[in-house]
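Working through the structure, step by step
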Amino acid sequence: MKTRHKRLLFISLAIVALVAAVLLVMNAFRDNLVFFFSPTEVAAGKAPTKGTFRLGGLVMTGSVQKGPGPLELRFTVTDLAKEMRVHYVGPLPDLFREGQGVVAEGRLGPDGEFQAAKVLAKHDENYMPPEVAQALEKSGAYQAGHPRAKP
């Protein structure tokens, strides 16, 4: 084989390897990309029906129900316009409570109930996740000056 052919073969293999690496990275990135939706956006069909996303809002007062399993829990998340039931099995953050902001990561179940794999709660009494605050304000039922609104 001539030097020119060897060089061309090496360059071709390097390009194929680079394209394969880029495709693998892009696939991993796409699989780990998680978008945020409010209950209103989920009800409007904007959330993926297959795949993981984050659901955020306030935990409705009086909606938390412990399940038959020791770590099983059902609760309702609201953006003060729409509501969505959430099913979660696992330990809850210490700061999880009714009336507080929450972000749950998971997917929609076949019955329309959100199956959460993770539940994230606010980290102190002056904080609400920005996505949750924006979704609540967008719903029109929650104003920045509202007593529950936090900067």
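Scroll up to find the structure this text is about.
A quick note: this is a predicted structure, and the numbers were derived from the prediction, not measured.

Conventions and cut-offs
- Residues numbered from 1 in each chain as written.
- Predicted model: local features only at pLDDT ≥ 70, side-chain atom pairs only at ≥ 80, totals over all residues.
- Heavy atoms only, no water.
- Phe/Tyr/Trp six-rings, centres within 6.5 Å; stacked < 30°, edge-to-face > 60°.
- Buried < 20%, exposed > 50% of the residue type's maximum accessible area, 1.4 Å probe, protein only.
- Helix = DSSP H or I, 4+ residues; strand = E, 2+ residues; numbered from the N terminus.
- Pairing = 2+ DSSP bridges.
- Contact = heavy atoms within 4.5 Å.
- Polar contact = N/O pair within 3.5 Å; in protein donor to acceptor, adjacent residues only side chain to side chain.

Here the focus is the packing of aromatic side chains. The tally for this structure, following the rule as stated, stands at 3 aromatic pairs. Three or more aromatic residues joined by ring pairs form one cluster here, namely Phe 37, Phe 53 and Phe 114.

Now for the pairing of strand β6 (residues 101-108). Of all 8 residues that make up β6, 6 are buried, and the element is covered over most of its length. In this sheet, β6 lies alongside strand β2 (residues 53-59) in antiparallel orientation, the contact comprising 6 bridges. The partner of Leu 55 across the bridge, within β6, is Ala 104. Sheet analysis places β6 next to strand β7 (residues 114-121), joined by 7 bridges and oriented antiparallel.

The next thing to look at is the side chain of Glu 105. Mapped onto the secondary structure, Glu 105 falls in strand β6. Not counting chain neighbours up to four residues away, the residues in contact with Glu 105 comprise Val 34, Thr 52, Phe 53, Arg 54, Phe 114, Gln 115, Ala 116, Ala 117 and Lys 118.

On to the environment of Arg 107. Mapped onto the fold, Arg 107 is located in strand β6. Sequence separation between Arg 107 and Lys 50 is 57 residues; the distance between their C-alpha atoms is 7.1 Å. When near neighbours in sequence (up to four residues on either side) are disregarded, Arg 107 contacts Gly 51, Thr 52, Phe 53, Glu 113, Phe 114 and Gln 115. Within the structure, the side chain of Arg 107 is placed 3.3 Å from the side chain of Thr 52, a separation counted as a polar contact.

As judged from the 7 bridges shared by strand β4 (residues 72-78) and strand β5 (residues 83-89), these two strands associate in the antiparallel manner. By the bridge assignment, Arg 74 is partnered in β5 with His 87. Taken together, β4 and the strand that follows it, β5, pair antiparallel across an intervening segment of 4 residues, in which Leu 80 is found at a positive phi of about 70°. Direction of pairing for β5 relative to β7: parallel, over a ladder of 3 bridges. Its bridge partner lying in β7, Tyr 88 is registered against Ala 116.

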